[in-house]
Amino acid sequence: MTERVFIEHISEHVEETVTIKGWIYSKTGKGKLQFILVRDGTGLLQCVVFQKAVTPEVFEAAKSLTQESSLIVTGKVRADERAPGGFELDVTDLQVVQIAAEYPITPKEHGIEFLMDHRHLWLRSSRQHAILRVRAEVIRAVRDWLDDHGFLNLDTPILTPAACEGTTTLFETDFFGEPAYLSQSGQLYNEANIMAFSRVYCFGPTFRAEKSKTRRHLLEFWMVEPEMAFADLDECMRVEEELVSYVVQRCLKNRSRELETLERDTSYLENIVPPFPRISYDEAIEMLKAKGVPAEWGDDFGAPQETALGEAFDKPVFVHRYPSAIKAFYMEADPTDPSRSLSVDLIAAEGYGEIIGGGQRTASLELLEQRIKEHNLPRESYEWYLDLRRYGSVPHSGFGLGIERTVAWICKIDHVRETIPFPRVLNRLYP
Ligand code: 4AD
Ligand code: MG
């Protein structure tokens, strides 16, 4: 028995005989030679089957392989500059696990609906592989940074009695005769958790019944939400820029091959280090007007405004102090001008728009009660949240980073649907 190795570690096994377990990515045959490109979930390896080096049965088996057939292949690892990835396997033995039926996804172009219908198979392509490995790195980097900076991971419920981000995008479900809503954000529970643990984060799926069909909206997405007691808006921005920079640098370090597969310009990413530029909402409105992008004080930003703002900087830009009227009920009022909120969005360059939303939370019981009324929220569902202002209220801040938008930005891909294994978008629940 030879050792089973994964292709991502193949460089450690040059001149050794190893076994690879995987699937056929593609195959070309020329008489006595069969070149099979094998993928094993960690990479691609060209395997060369030379008729004279194997038994007739093995050679016939190699010839019978179709795209996506599963196999176990043994051979000697050889360094070869010309081979994809720099290594080849000289096959000595090969065992077919299953001969795949005619595979629906071929190298020719497919329409997006076809690919979405076959998402369960589309995942096997090199491009999807690269994107989803970046995603995993982003998630690990986020957790590592927060764990190393004193944030305790405390997850928050998915089934909730009340809205966090407005009642228009709630997914309602039946909780034994009572309505329950799929969580839009763990923030309100994070606020309870920080009064017990000081710095926490939750990380989980969040849901928004958004009727918008854009390149940045999913109905189900993953969000990491750090929250900090005794932290103001400035500290919130500092933590955001440190975290985002760390995540980008980790991807450059550990996922360079994947970024290369995606043809990502990495010089842009190398420049993502603190500090990020900071502008107020008022300054943003002036900038937009100067650029001829429609914007009136009091408007919320949509894609054209965010794209224009993002393009003006070579790093993500913080836009802070939006009008209170266009932000969520929990935002702290700016003490110098209560019509402004101590909110901040982080807008990524290259048209990716908002990747983080957050800010300082209302510490005052009276203001919070007033906001709940103004937003027509059912007060009884928020009594527990009001308690947090009755018993040891402190200035506190936090934010939510959308994993899919961050991955789309780092990978520079067009649409967030490719940044999650099984995207949930408008009018699609299959597969
Ligand atoms: O700005 P949002 O709605 O903020 C909150 O939910 C806060 N409660 C977070 C907090 O302060 N703890 O969402 C935060 C981020 C956005 O910046 C975006 O990256 C992502 O979540 N996001 C979405 N991603 C994909 N599809 C959607 N429909 C998204 N909605 C928000
Ligand atoms: Mg937002």
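This text goes with the structure placed above it.
Residues numbered from 1 in each chain as written. Chains lettered and ligands numbered in written order. Predicted model: local features only at pLDDT ≥ 70, side-chain atom pairs only at ≥ 80, totals over all residues. Heavy atoms only, no water.

### Quick word on the overall build of the protein
(1) Moving on: A count of helices and strands for the protein gives 13 helices and 19 strands.
(2) Moving on: Each of the 431 residues in the protein was classed as buried or not, and the buried ones make up 53%.
(3) Moving on: Considering only contacts within the protein whose residues lie at least 6 apart along the sequence, 66% involve residues at least 24 apart.
(4) Moving on: Accessible surface, the protein as shown: approximately 19,900 Å² in total, 53% of it carbon and sulfur.
(5) Moving on: Of note, the protein has its 49 positive side-chain charges centred 6 Å away from the centre of its 67 negative side-chain charges. (Helix = DSSP H or I, 4+ residues; strand = E, 2+ residues; numbered from the N terminus. Buried < 20%, exposed > 50% of the residue type's maximum accessible area, 1.4 Å probe, protein only. Contact = heavy atoms within 4.5 Å. Areas by Shrake-Rupley, 256 points an atom, 1.4 Å probe, with all protein chains shown as cover. Lys, Arg positive; Asp, Glu negative; His and termini not counted. Charge placed at Lys NZ, Arg CZ, Asp CG, Glu CD.)

### Some remarks on the sheet that holds strand 9 (residues 172-175)
(1) Moving on: What the 3 strands build is an open sheet, ordered 8-10-9; its pairing is antiparallel. Only two strands of the sheet have a single neighbouring strand rather than two, namely strand 8 (159-160) and strand 9. (Pairing = 2+ DSSP bridges.)

### Here's the deal with the packing of helix 11 (residues 365-374) against helix 12 (residues 383-390)
(1) Moving on: Following both chains from N to C, one finds helix 11 and helix 12 inclined at 160 degrees, their axes separated by 9 Å at the closest point. For the element pair helix 11 / helix 12, the angle class is roughly antiparallel. Relative to helix 12, the crossing made by helix 11 is right-handed. Contact residues: helix 11 offers Leu365, Leu368, Glu369 and Ile372, while helix 12 offers Tyr385, Leu386, Arg389 and Arg390.
(2) Moving on: A breakdown of the residues in the contact of helix 11 with helix 12 according to their chemical character gives 5 nonpolar, no polar and 3 charged. (Axes fitted to C-alpha atoms, helices over the stretch in contact; angles between N-to-C directions. Parallel < 35°, antiparallel > 145°, perpendicular 65-115°, else oblique. Left-handed = near helix turned anticlockwise from the far one by under 90°. Nonpolar A, V, L, I, M, F, W, Y, C, P; charged D, E, K, R; others polar.)

### So, helix 6 (residues 233-254)
Each α-helix turn comprises 3.6 residues. Residues three or four places apart therefore point the same way.
(1) Moving on: Between its first and last C-alpha, helix 6 extends 32 Å over 22 residues, near the 32 Å set by a 1.5 Å rise per residue.
(2) Moving on: One side-chain oxygen of the residue at the start of helix 6 lies 3.2 Å from the amide nitrogen of Asp234, identifying that residue as Asp232. (Expected span 1.5 Å × (residues − 1). Polar contact = N/O pair within 3.5 Å; in protein donor to acceptor, adjacent residues only side chain to side chain.)

### Side note on the pattern of salt bridges
(1) Moving on: For the structure shown, the criterion picks out 33 salt bridges.
(2) Moving on: A salt bridge links Glu350 to Arg264; the nearest nitrogen and oxygen atoms lie 2.7 Å apart. One end of the pair, Glu350, is in the loop between strand 17 (343-348) and strand 18 (353-361); the other, Arg264, is in the loop between helix 7 (256-261) and helix 8 (266-270), with 86 residues separating them in the sequence.
(3) Moving on: By relative accessible area, Glu350 is classed as partly exposed at 25%.
(4) Moving on: The class of Arg264 is buried, set by a relative accessible area of 6%.
(5) Moving on: A single salt-bridge network, built from bridges that share partners, covers Arg78, Asp80, Arg82, Glu88 and Asp90. (Salt bridge = Lys/Arg side-chain N within 4 Å of Asp/Glu carboxyl O.)

### Regarding the side chain of Glu225
(1) Moving on: Secondary-structure assignment places Glu225 in strand 12 (residues 220-229).
(2) Moving on: No salt bridge is formed by the buried Glu225; its nearest oppositely charged neighbour, Arg361, is found at 6.0 Å.
(3) Moving on: In this structure the side chain of Glu225 is engaged in a polar contact, spanning 2.7 Å, whose partner is the side chain of Ser185.
(4) Moving on: One polar contact links the side chain of Glu225 to the main-chain amide nitrogen of Gly186, over a distance of 2.7 Å.

### Thoughts on the packing of aromatic side chains
(1) Moving on: Counting across every chain of the model gives 14 aromatic pairs.
(2) Moving on: Residues Phe276 and Phe318 carry aromatic rings whose centres are separated by 6.0 Å and whose planes lie at 35 degrees to one another, so their mutual orientation is tilted. Of this pair, Phe276 sits in the loop between helix 8 and strand 13 (278-280) while Phe318 sits in strand 14 (residues 317-320); the two residues are 42 residues apart in sequence, bridging distant segments of the chain.
(3) Moving on: Owing to a relative accessible area of 3%, Phe276 belongs among the buried residues under this scheme. (Phe/Tyr/Trp six-rings, centres within 6.5 Å; stacked < 30°, edge-to-face > 60°.)

### Here we look at a nonpolar patch on the surface
(1) Moving on: Together, Leu159, Phe175 and Phe176 give the surface a local cluster of nonpolar side chains, amounting to about 380 Å² of exposed area.
(2) Moving on: Along the chain, Phe176 turns up in the loop between strand 9 and strand 10 (178-182).
(3) Moving on: Overall, Phe176 belongs to the exposed group, its relative accessible area being 80%. (Patch = residues over 30% accessible without salt bridge, like charges linked within 9 Å, V, L, I, M, F, W, Y side chains within 5 Å.)

### Some words on the environment of Val96
(1) Moving on: Along the chain, Val96 turns up in strand 6 (residues 87-98).
(2) Moving on: Relative accessible area serves as the criterion here: at 28%, Val96 is assigned to the partly exposed category.
(3) Moving on: Here the alpha-carbon distance between Val96 and Leu71, two residues 25 residues apart in the chain, equals 4.5 Å.
(4) Moving on: Ignoring sequence-local partners within four residues, the contact set of Val96 consists of Ala61, Leu65, Ser70 and Leu71.

### Things to note about the site of ligand 1
(1) Moving on: The full set close to ligand 1 counts 23 residues, and Glu165, Gln187, Arg208, Glu225 and Glu354 are the nearest of them.
(2) Moving on: Contact between ligand 1 and Arg208: an oxygen atom at 2.8 Å from a side-chain N or O atom of the residue.
(3) Moving on: In isolation ligand 1 exposes 630 Å². Once the protein is present, 94% of that is buried.
(4) Moving on: Elements represented by at least two residues in the shell around ligand 1 include exactly strand 12, strand 18 and strand 19 (396-402).
(5) Moving on: Broken down by class, the residue content of the shell around ligand 1 amounts to 7 nonpolar, 8 polar and 8 charged. (Near = heavy atom within 4 Å.)

### Structural notes on the nonpolar core
(1) Moving on: Counting 61 residues, the largest nonpolar core has Val138, Trp409 and Ile410 as the members making the most contacts within it.
(2) Moving on: When residues in this core are grouped by element, the largest group, 10 residues, is from helix 6.
(3) Moving on: If sequence neighbours within four positions are ignored, Trp409 has contacts with Val244, Val248, Arg264, Tyr268, Ile272, Pro316, Ala348, Ala349, Glu350, Tyr352 and Ile355.
(4) Moving on: Of all hydrophobic cores here, the second largest spans 24 residues; its members include Ile10, Ile24, Ile36 and Val73. (Core = buried A, V, L, I, M, F, W, Y, C linked by side-chain atoms within 4.5 Å.)

### Side note on the sheet that holds strand 18
(1) Moving on: Strands sit in the order 7-11-12-19-18-17-14-13 across an open sheet of 8 strands; the sheet is mixed. Since the sheet does not close on itself, it has two edges, and those belong to strand 7 (152-153) and strand 13, each with one partner.
(2) Moving on: With 6 bridges connecting them, strand 17 and strand 18 associate as antiparallel partners. Within strand 18, the position partnered with Ile347 by the bridge is Glu354.
(3) Moving on: The sheet strands contacting helix 13 (residues 403-411) are strand 11 (199-207), strand 12, strand 17, strand 18 and strand 19, and the helix crosses strand 19 at an angle near 60 degrees.

None of this, on its own, says anything about what the molecule does.
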